[in-house]
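Secondary and tertiary structure notes
As a plain string of letters, each chain reads:
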Amino acid sequence: MPDASLAPLLDAPHADATVLDNAPWHSLTGPHASFAIGDDLVRRYPEDVAPFVAVRSWDEPEVWEALVDLVGPGAEIGLSGYEGDVPEGWEFVGQGEGVQLVETDALRPQPYPEAVLLGAADVPEMLAIVERNQPGPFRPRTYELGRYIGIRRDGRLVAMAGERLHPEGWTEISAVAVDADHRRQGLASRLVLDVAFHIQERGDRALLHAAASNVGAIAAYERLGFALRRRNRFSAVRTPTA
């Protein structure tokens, strides 16, 4: 549930925060509609862009059948925000708790001159730094979802961050990764503030997601000026095989 202490922010007319309750859906029906595969009940990104499967509402009785039609039998998909049981034939394969954080007036974004733009030519290095640091899902075309930046030292990509989900009025900061031998230098904070700066330049507000167990990262984001908005449950499920 949203944090009541953030009511003034969440009620801001230029940034409707209700879309954040179902951020993947409002991304795929809004600014990311060009990526959407599906219909008016269920949608997904192409597999090489992002793993998210979005549902308009879990109250729709046809949603489970529509998901199977969308992803096929025996497919493993992630469900965000669903906390009930799955129908017969479906299988839970993993669950976790996450948090959603949003910017507050305490956030002081600023560009970071050392940051370089990353694009198609950088994908192998981007995939490699994600593999080394495991900040979350990143696919070969994820960089197409927004602006990605990095820091190079001696020609090597050692830190990265960028934009992912994009519900109307908001942009998610994601793929924050710093190699172990370059941590404790403030690189992650500088990249987050740079990404947030350009988000605000467009008139959007910034949000973040993190695993609830990643207390160090959550504390670092809070020090930058983000605050907890809600807690989410993430489930991985397998669709029926027949």
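The text that follows walks through the structure, step by step, so that each part is easy to find. (Residues numbered from 1 in each chain as written. Predicted model: local features only at pLDDT ≥ 70, side-chain atom pairs only at ≥ 80, totals over all residues. Heavy atoms only, no water.)

Here we look at the overall build of the protein chain
The condition is simple: Under the scheme used here, helices are H or I runs from DSSP no shorter than 4 residues and strands are E runs no shorter than 2 residues, and both carry numbers assigned from the N terminus. Restricting the calculation to C-alpha atoms gives the radius of gyration, and the globule rule supplies 2.2 Å times the number of residues raised to the power 0.38. Burial status follows relative accessibility: with a 1.4 Å probe on protein chains alone, a residue under 20% of its type maximum counts as buried, one over 50% as exposed, and anything between as partly exposed. The contact criterion used throughout is that any non-hydrogen atoms of two residues lie within 4.5 Å. The sign given to each residue is positive for Lys and Arg and negative for Asp and Glu; His and the chain ends receive no count. In plain terms, the charge of a residue is placed at NZ if it is Lys, CZ if Arg, CG if Asp and CD if Glu.
On a plain count of helices and strands, the protein chain comes out with six helices and eleven strands. Rg of the C-alpha trace for the protein chain: 18 Å, near the compact-globule value of 18 Å for 242 residues, within the 12% margin. In terms of principal-axis extent, the alpha carbons of the protein chain reach across some 50 × 40 × 35 Å. Scored against the burial criterion, the 242 residues of the protein chain give a buried share of 49%. In the protein chain, 70% of the contacts between residues at least 6 apart in sequence involve partners at least 24 apart. Across the protein chain, 23 positive and 36 negative side-chain charges occur, with their mean positions spaced 8 Å apart.

Points about unusual backbone geometry
Backbone geometry places Gln134, a non-glycine residue, at a positive phi of 55 degrees. Locating Gln134 in the fold gives a position in the loop between helix H4 (123-133) and strand E7 (148-153). When its relative accessible area of 55% is taken as the criterion, Gln134 is described as exposed. At Asp154, a residue that is not glycine, the phi angle is positive and equals roughly 55 degrees. Looking at the element boundaries, Asp154 is found in the loop between E7 and strand E8 (156-163).

Overview of the sheet that holds strand E6 (residues 116-118)
So the rule is basically this: Think of it this way: DSSP has to see at least two bridges between two strands before they count as a pair. Lines fitted to C-alpha atoms define the axes here, with helix axes fitted over just the stretch in contact, and angles between the N-to-C directions of these axes take values from 0 to 180 degrees.
The mixed open sheet is built from eight strands, whose spatial order is E4-E11-E5-E10-E9-E8-E7-E6. Strands with a single pairing partner mark the edges of an open sheet, and in this sheet they are strand E4 (76-80) and E6. Neighbour-to-neighbour, the strand axes of this sheet turn through a mean angle of 30 degrees, independent of strand direction. Where strand E5 (residues 91-103) lies against strand E10 (residues 205-211), five bridges are found, and the strand directions are antiparallel. If you follow Gly98 over to E10, its bridge partner there is Ala211. Across the face of the sheet, helix H6 (residues 215-224) comes into contact with E5, strand E9 (170-178), E10 and strand E11 (226-238) while running at roughly 20 degrees to E5.

Everything listed here is a matter of geometry and, on its own, says nothing about what the molecule does.
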